[in-house]
Amino acid sequence: MQGDKNNSNSTENSKEELLEALLTKEAEIECLEHNLDVAKTRADHSEVMALELLSEVKKDEEQIAKLRVEVDNDESQIKTLERAVKQEVVAIHNLEHEIEIDEKRINSLRHEVKIDEEIIHKLEHEIEEEEEQINELKQEIEHDEEKIRRLKRRKAISSIGVMIVFMASVMMLVSLFTPVYRVERSSMSPTLNEGETIMVLTMGKIENEDVIAFYYGNSVLIKRVIAVGGQTVYFSEDGNFMVDGVVIDEPYADGIGAGGGLIDAEFPLKVPDGHYFVVGDNRVESIDSRSKKFGLVNDEDVIGKAALRVLPIGAFGRVS
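One structure accompanies this document, and this report is about it. Every chain's residues receive numbers from 1 upward, in the order its sequence appears when written. Only residues with pLDDT of at least 70 get local features here, since the model is predicted, and only at 80 or more are side-chain atom pairs given and counted; chain-wide, interface and lining totals rely on the full set of residues. The side-chain figures draw on all heavy atoms in the structure; neither hydrogens nor water molecules are used.

## Thoughts on the overall build of the protein chain
So, point 1. Of regular secondary structure, the protein chain possesses one helix and 12 strands.
So, point 2. Helix numbers and strand numbers start at the N terminus; a helix is a DSSP run of H or I with at least 4 residues, a strand a run of E with at least 2. N-terminal to C-terminal, the α/β element order of the protein chain is α-β-β-β-β-β-β-β-β-β-β-β-β.
So, point 3. Whether two residues touch is decided by their heavy atoms; if any such pair falls within 4.5 Å, the residues are in contact. Counted over contacts in the protein chain with a minimum sequence separation of 6, partners at least 24 positions apart contribute 60%.

## What to know about the pairing of strand β3 (residues 211-216)
So, point 1. As paired strands, β3 and strand β4 (residues 219-228) are joined by six bridges and run antiparallel to one another. Residue pairing in the sheet places V211 in a bridge with R224 of β4.
So, point 2. Strand pairing follows a simple DSSP-based rule, namely that at least 2 bridges must link the two strands. Following β3, the chain reverses through two residues before pairing antiparallel with β4; G217 in that reversal takes a positive phi of roughly 70°.

## Some details on the sheet that holds strand β5 (residues 232-235)
Where strands meet in a sheet, backbone hydrogen bonds hold them as pairs that are either parallel or antiparallel.
So, point 1. Spatially, four strands are ordered β7-β6-β5-β8 in an open sheet, and the strand pairing comes out antiparallel. Looking at the sheet topology across the chains shown, the edges are occupied by β7 (246-247) and β8 (269-270).
So, point 2. Where β5 and β8 come together, two bridges link them in antiparallel fashion. By the bridge assignment for β8, T232 is matched with K270.

## Re the pattern of salt bridges
So, point 1. Within this document, salt bridges are pairs made up of a side-chain nitrogen of Lys or Arg and a carboxyl oxygen of Asp or Glu, the two lying within 4 Å of each other. Under the counting rule described, the total for this entry stands at seven salt bridges.
So, point 2. The salt bridge partner of E250 is R283, with a shortest N-O separation of 2.5 Å. With E250 in the loop between β7 and β8 and R283 in the loop between β9 (275-279) and β10 (297-298), this pair connects stretches of sequence that are 33 residues apart. Neither residue differs from the other here; E250 and R283 are each classed as buried.
So, point 3. One salt bridge in this structure joins R290 and D288, with 2.8 Å as the shortest N-O distance. Each member of the pair, R290 as well as D288, is classed as buried. Burial classes follow relative accessibility: with a 1.4 Å probe on protein chains only, a residue under 20% of its type's maximum area counts as buried, one over 50% as exposed, and anything between as partly exposed.

## A word on the pairing of strand β11 (residues 302-311)
So, point 1. Counting buried residues along β11, seven of its 10 residues qualify, which places the element largely inside the surrounding structure.
So, point 2. With three bridges joining them, β3 and β11 adopt antiparallel strand pairing. Each residue of the ladder has a partner; that of I212, found in β11, is K305.

## What about the packing of aromatic side chains?
So, point 1. Think of it this way: a Phe, Tyr or Trp ring, Trp meaning its six-membered ring, pairs with another when their centres are within 6.5 Å, and the plane angle makes it stacked under 30 degrees, edge-to-face over 60, tilted otherwise. What the rule picks out here adds up to six aromatic pairs.
So, point 2. Both rings, one in F214 and one in F294, keep their centres 6.4 Å apart while their planes meet at 85°; by these two values the pair is edge-to-face. Of this pair, F214 sits in strand β3 while F294 is found in the loop between β9 and β10, placing the two residues 80 residues apart along the sequence.
So, point 3. For F214, a relative accessible area of 1% corresponds to the buried category.
So, point 4. Considering the side-chain rings of Y216 and F294, the 4.7 Å spacing of their centres and the 10° angle between planes classify their relative orientation as stacked. You can see Y216 sitting in strand β3 and its partner F294 sitting in the loop between β9 and β10, a full 78 residues away along the chain.
So, point 5. Look at Y216 and you get partly exposed, because its relative accessible area is 35%.

Structure representation (structure tokens):
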């Protein structure tokens, strides 16, 4: 009996021990489960952090890629700058070489300038001596010119006296055989100016471009013949004459194309025989055959051709 009790006691003890051990195990399991939860929480947190780190790593990698591109560009620019620097170094070297050559040339030119300055100094001295000689010669020339002027004045006075006597004699002789007229108007300038005296030849055939004197009413007028009997005259708007289809070159006329005068004749105009179509060289001031009222000049009214300008003496010469 006692043995059974002992066995039962031992069994109970064993149960208690097993219960304690079970409780201990459960406690350990709860602890482990808690630790597992904590570990899971940490793992989740670590995973989030890892994802954030991965995102930051990607951003860093993108920045690194950009930086690498910039570095490549900078390296390319550096290489370009290095090439440019090398070229500039070569250019500087060449310029230094040219400067050395120029300095040598400058030194050579300075030497030549010194020689030229010495030559110039000598030449200036010679020029001064020559200028003194020239001044002496000028004084002699002025003295000689004064003598010449005195002689010329004496000769001129003598020549003028002779010319006056000669012209007076010529005019007296001419007036016996040919008429002399004084230009009273400016219609023939610049060929003949107002106040000049001309000699008129009463013989000879009158032709185109001759300057003639003729009676017009109670006056004697002087005009230039543009067309003679049988010729046809045309007058253009630009002031040029055409005779029998040929344009006349008139270097003696003044004011061509400027208008002026009275122009109302009908063109083309055929000149009858024994008549002349006349105009003044001063086209602006002249009243002539361009006017119906003035008309043509009859051969019976013609005195002759203006041949010679006799006064003033300084303008003596042939009328053309």
